[in-house]
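Chain and residue survey
Take a look at the letters that make up each chain.
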Amino acid sequence: MIDWSATAAWVTLALTLVISIVSPVISTYLSNKFQLKIREYEKSEKEVEQHYLEKREILQGFISNTGKLLNRRDSDSLKDCGEHFYLVYTYLPKEHWNKIDLLHQHIQNVDYASAQTLLLEVSKVIAELLEESDRTNQLIKSI
């Protein structure tokens, strides 16, 4: 005949031992998986923020340096303007590229009055774009 009290004690001991070994393993696995997701999210957030900062720097540099060129009209201003001028295409929507092309033509033709008028127009487009990007960036940070 089987002694059920001794068997129950051994079964309980074995079950307790298995649970005490398996539980920390599962807990560690789940914790590590969660930490990995957090790191991936933080990396993604940093990439978005870095892109936003680069975009802001290029667009503001474009406005600033082109404005300097149109007001100073010297070789240093031309050099500074050239550093940002073509980069603006990477951050400006395609529907506004024709304005940048026209602005470039006015500068090449030394038609600074028309260039200044067009720069004001382009600056407003860029300001809206930066404001929109800023709102999106703030939403990402608040999540």
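Look up a bit, the structure's there.
Here's what I pulled together on the structure shown here. (Residues numbered from 1 in each chain as written. Predicted model: local features only at pLDDT ≥ 70, side-chain atom pairs only at ≥ 80, totals over all residues. Heavy atoms only, no water.)

Bringing the pattern of salt bridges into the picture now. What the rule picks out here adds up to two salt bridges. A salt bridge links glutamate 83 to lysine 79, with the shortest nitrogen-to-oxygen separation between them at 3.8 Å. With glutamate 83 and lysine 79 both in helix 2 (residues 75–85) and four residues apart, this pair spans about one turn of that helix. Given a relative accessible area of 47%, glutamate 83 falls into the partly exposed group. A salt bridge links glutamate 121 to lysine 99; the shortest N-O distance between them is 3.6 Å. Remark: lysine 99 occurs in helix 4 (residues 97–108) and glutamate 121 occurs in helix 5 (residues 112–142); sequence separation between them is 22 residues. For glutamate 121, a relative accessible area of 39% gives the class partly exposed. (Salt bridge = Lys/Arg side-chain N within 4 Å of Asp/Glu carboxyl O. Helix = DSSP H or I, 4+ residues; strand = E, 2+ residues; numbered from the N terminus. Buried < 20%, exposed > 50% of the residue type's maximum accessible area, 1.4 Å probe, protein only.)

Before going further, it helps to spend a moment on the nonpolar core. The biggest cluster of nonpolar side chains holds 23 residues, and the ones touching the most others in it are Phe62, Ile100, Leu103 and Ile126. Broken down by secondary-structure element, the contributors of at least two residues to this core are helix 1 (4–72), helix 2, helix 3 (88–91), helix 4 and helix 5. Examining the composition of this core, we find that nine residues originate from one element, helix 5, more than from any other. Beyond its immediate chain neighbours, meaning those up to four positions away, isoleucine 100 contacts Phe62, Phe85, Val88, Tyr89, Leu92 and Val122. (Core = buried A, V, L, I, M, F, W, Y, C linked by side-chain atoms within 4.5 Å. Contact = heavy atoms within 4.5 Å.)

In an α-helix, one turn spans 3.6 residues, which is why side chains three or four residues apart end up on the same side. Of all the residues in helix 2, the buried ones are Ser77, Cys81, His84 and Phe85. Axial view of helix 2: buried residues confined to an arc of 100°, hence all on one face. Facing away from the buried side of helix 2, by more than 90 degrees, are the exposed residues Ser75, Asp76 and Lys79. Where the residues of helix 2 are buried, they touch helix 1, helix 3 and helix 4. (Arc of directions from axis to C-beta.)

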